Amino acid sequence: MSAAPAEMKENAEANAKWLDAHYDPVANLYTFSPCIALADLQGDGENKLVVGDLGTGVCSMKLKVYRGTSMMSENTLLDLPTGLVSFFMDQHEPRTPAIAVASGPFIYVYKNLRPYFKFTLPTLEVNPLEQEVWSQAKEDMIDPLSLKEMLEGIRDKADIPLSVRSLKFLMLDQQEMEAFVNVHKQQPIRRQTVITCISTLKKNMADEDAVSCLVIGTESKDVFVLDPEAFTILSQMSLPSAPTLMDVTGQFDVEFRITVACRNGNIYVLRRESPKPKYCIELSSHPVGLVRVGKNVVVGCAQETLQGYTQKGKKLWTVYLPAAITAMGLMDHHSRGFQAVLVGLASSEVHLYRDKNLVSTIKTPDVVTSICFGRYGREEGTLIMTTKGGGLMVKILKRTAVFEDRDMAPGPPLAQSIRLNVPKKTKLYVDQTMRERENAVAMHRTFQMDLSRLRLAVARAYVKALESSLTPMSSSLAEPLKMNAVVQGLGPSFKLTLNIQNTAACRPVMNLAVSFLYDETLYSMRSAFFQIPLLVPGLNYPIDTFVECLSDKGISDIIKVFVLREGKSAPLLTAHINMPVSEGLALN
């Protein structure tokens, strides 16, 4: 019963921040975050939604463009799209971006919603042993069974992988092999890789409409940077594993940084003039999302965690999520200077995280498969999502929406992640450190000697306080008692008042007595033993008695006071009272 009000409160908070602009559950859009983008394709100041639709996976792959809530145009794709980006490829007027769609080994470039250029990845080196075997098959020197045995041996031992033709041949049944060889043996062998991810990199300026290069990752563990006009390869870098996710920042002519998540579960950082990775981040599980926020990198992992790293690979924080990640995207609101990470979950929720803090939760009618935030039409803060069932959702951020950091993640508090302003090491500090390293044994011995002297001094002071202190001291911690004594009068009669208090929180103290020890040749007391009533916590109990001074020599002594429990000889509380000098003689 208690969960319902909490859920209603979360929905109310989400509705207070977002407007539901559009929801079409039968839009038939099947895509993911790398295949969705926002771009002003016609230069009219209105951004359009460009989607690489996967269709059913076998057919109906299309490039769709939406304007508002209606589809504006569509183009058929020959293969499944693996990524889609918008970029400016030249300085020509009017300034309209082009769309690059990565599909198989090709990049299809569209300009003004029409096909413009097709780039093909360079072919890879063919295994010479494989080529020799197919040459023998071409001359009918070997039969299909022998061809299969030889290709299997090459596949198991060779450094260069087999081509697609050979791999397909090894998958066939025996009765289909001969027909396959007769069809393909006359054709030359080609080994072609495919594109796994795509992004853009500014050429020489950081402006929003600056010319950008294309950056592509391939199945052959390579990363290429393409010239935006001639579509030639400007740079080639290699990775230990095939890339799956990519984030790029910087300018190609100045300095750039390419952060790549690979299939082996690691993240690598590539930099300018470095053909191999500069840094490596080892993850505990495979990455399923990669977003750069400022100078930090946020990684979504398969084990339902969100992790933050610096650009050099230092781990900053970890957030444990309630469900698996289905989509990730960056929320960059330029006018407010607000950056956060949008995370779609398998529980039909979208969480908004700023660093490790959950700042907003959006309930969705279906599981979200792609997320895109930006300017749509003329509205700045628009959130576009597609769902698992093919639906399309559009939400608009309210102008009155305020996001507050709520540290809801378990673990250390938010203040612990703030770095301390540690001053630089001075020469004096370094010299002191060297001295401590060289004389560690002697310094430790001196410290132990000083500590022993301190303990001896404390013990002597304690004994002295026991012998002559006016402050009452308890010999047991079992009874929380407090007592002070007041002497009144000029003599030879003195009034001695003991104020006893029980300092316990709620437990009364009973069965106590007070006893006095004094020199009977100097003083006399009417009663040297008193019963103490039950002591209620917090109340002060005064006990009065009279002391007569018997000497006329002007001397004084100490009267000792003991608080005892009935039937016990060890005192619970002890006090020493210095009696004043009597100014008269007692009359007998």
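See the structure above.
So, a few notes on the structure that sits alongside this text.

The rules behind each value
Residues numbered from 1 in each chain as written. Predicted model: local features only at pLDDT ≥ 70, side-chain atom pairs only at ≥ 80, totals over all residues. Heavy atoms only, no water. Core = buried A, V, L, I, M, F, W, Y, C linked by side-chain atoms within 4.5 Å. Buried < 20%, exposed > 50% of the residue type's maximum accessible area, 1.4 Å probe, protein only. Helix = DSSP H or I, 4+ residues; strand = E, 2+ residues; numbered from the N terminus. Contact = heavy atoms within 4.5 Å. Axes fitted to C-alpha atoms, helices over the stretch in contact; angles between N-to-C directions. Parallel < 35°, antiparallel > 145°, perpendicular 65-115°, else oblique. Nonpolar A, V, L, I, M, F, W, Y, C, P; charged D, E, K, R; others polar. Pairing = 2+ DSSP bridges. Disulfide = S-S within 2.5 Å. Left-handed = near helix turned anticlockwise from the far one by under 90°. Salt bridge = Lys/Arg side-chain N within 4 Å of Asp/Glu carboxyl O.

**Some points on the nonpolar core**
Residues Leu-512, Val-514, Phe-516, Ile-532, Leu-535, Val-561 and Val-563 are the most contacted members of the largest nonpolar core, which totals 29 residues. Elements supplying a minimum of two residues to this core: β30 (481–488), β31 (493–502), β32 (512–517), β33 (523–525), β34 (529–532), β35 (540–549), β36 (558–565) and β37 (573–578). Setting aside residues no more than four positions away along its own chain, Val-561 makes contact with Met-483, Leu-498, Val-514, Ser-515, Phe-516, Leu-573, Thr-574, Ala-575 and Ile-577. The next biggest cluster of nonpolar side chains, apart from the first, holds 19 residues, and it includes Phe-338, Leu-352, Met-385 and Ala-401.

**Description of the packing of helix α3 (residues 144–157) against helix α5 (residues 174–184)**
Between α3 and α5, the least distance of the axes is 9 Å, while the angle of their chain directions is 90 degrees. One element, α3, and the other, α5, form an angle in the roughly perpendicular class. Counting all contacts with α3, which are made through Pro-144, Leu-145, Leu-147 and Lys-148, the residues of α5 involved are Gln-174, Met-177, Glu-178 and Val-181. Along the lines of polarity and charge, the residues of the contact of α3 with α5 split into five nonpolar, one polar and two charged.

**Re the sheet that holds strand β8 (residues 106–111)**
The antiparallel open sheet is built from four strands, whose spatial order is β6-β7-β8-β9. On the outer flanks of this sheet lie β6 (81–87) and β9 (114–120), each paired with one strand and no other. On average, each strand axis in the sheet is tilted by 20 degrees relative to the strand beside it, whichever way the strands run.

**Observations regarding unusual backbone geometry**
For Asn-28, which is not a glycine, the phi torsion comes out positive at approximately 60 degrees. Among the structural elements, Asn-28 can be located in the loop between β1 (18–24) and β2 (36–39). A residue is classified by how much of its surface remains accessible, and Asn-28, at 45% relative accessible area, is partly exposed. Even without a glycine there, the phi angle at Ser-348 is positive, about 60 degrees.

**Comments concerning the state of the cysteines**
The tally for this structure, following the rule as stated, stands at zero disulfides. Unpaired in terms of disulfides, Cys-262 finds its nearest cysteine sulfur in Cys-197, a separation of 8.2 Å. Cys-301 takes part in no disulfide bond, and the closest cysteine sulfur to it belongs to Cys-280, at a distance of 13 Å. Taking relative accessible area as the criterion, Cys-301 reaches 1% and is therefore assigned buried.

**Observations concerning the packing of α3 against helix α4 (residues 164–171)**
With their axes 10 Å apart at the nearest point, α3 and α4 run at an angle of 120 degrees to one another. As judged from the angle between their axes, α3 and α4 are oblique. When the axes of α3 and α4 are compared, the crossing they make is left-handed. Between α3, through Pro-144, Leu-147, Lys-148, Leu-151, Glu-152 and Arg-155, and α4, the contact on the second element is made entirely by Ser-166, Leu-167, Phe-169 and Leu-170. A class-by-class count of the residues in the contact of α3 with α4 yields six nonpolar, one polar and three charged.

**Details of the pattern of salt bridges**
Under the criterion given, the structure shown has 16 salt bridges. A salt bridge links Glu-46 to Arg-67; the nearest nitrogen and oxygen atoms lie 3.4 Å apart. You can see Glu-46 sitting in the loop between β2 and β3 (48–53) and its partner Arg-67 sitting in strand β4 (residues 62–67), a full 21 residues away along the chain. As a salt-bridge pair, Arg-271 and Glu-255 come within 3.6 Å of each other at their nearest N and O atoms. Of this pair, Arg-271 sits in strand β16 (residues 266–271) while Glu-255 sits in strand β15 (residues 255–262); the two residues are 16 residues apart in sequence, bridging distant segments of the chain. In this structure Arg-271 comes out as partly exposed when scored by relative accessible area, which is 23%. One salt-bridge network, in which partners are shared between bridges, spans Glu-46, Arg-67 and Arg-378.

**Digging into the sheet that holds β4**
Each strand in a sheet pairs with its neighbour through backbone hydrogen bonds, running either in the same direction (parallel) or in the opposite one (antiparallel). Strand order in the open sheet made by the four strands is β2-β3-β4-β5, with antiparallel pairing throughout. At either margin of the open sheet sits one strand with a lone partner, and together these are β2 and β5 (70–76). If you compare each strand with its neighbour and ignore which way they point, the axes differ by 20 degrees on average. In this structure, β4 lies alongside β5, joined through six bridges in antiparallel fashion. The residue bridging Lys-62 from the neighbouring strand is Thr-76, located in β5.

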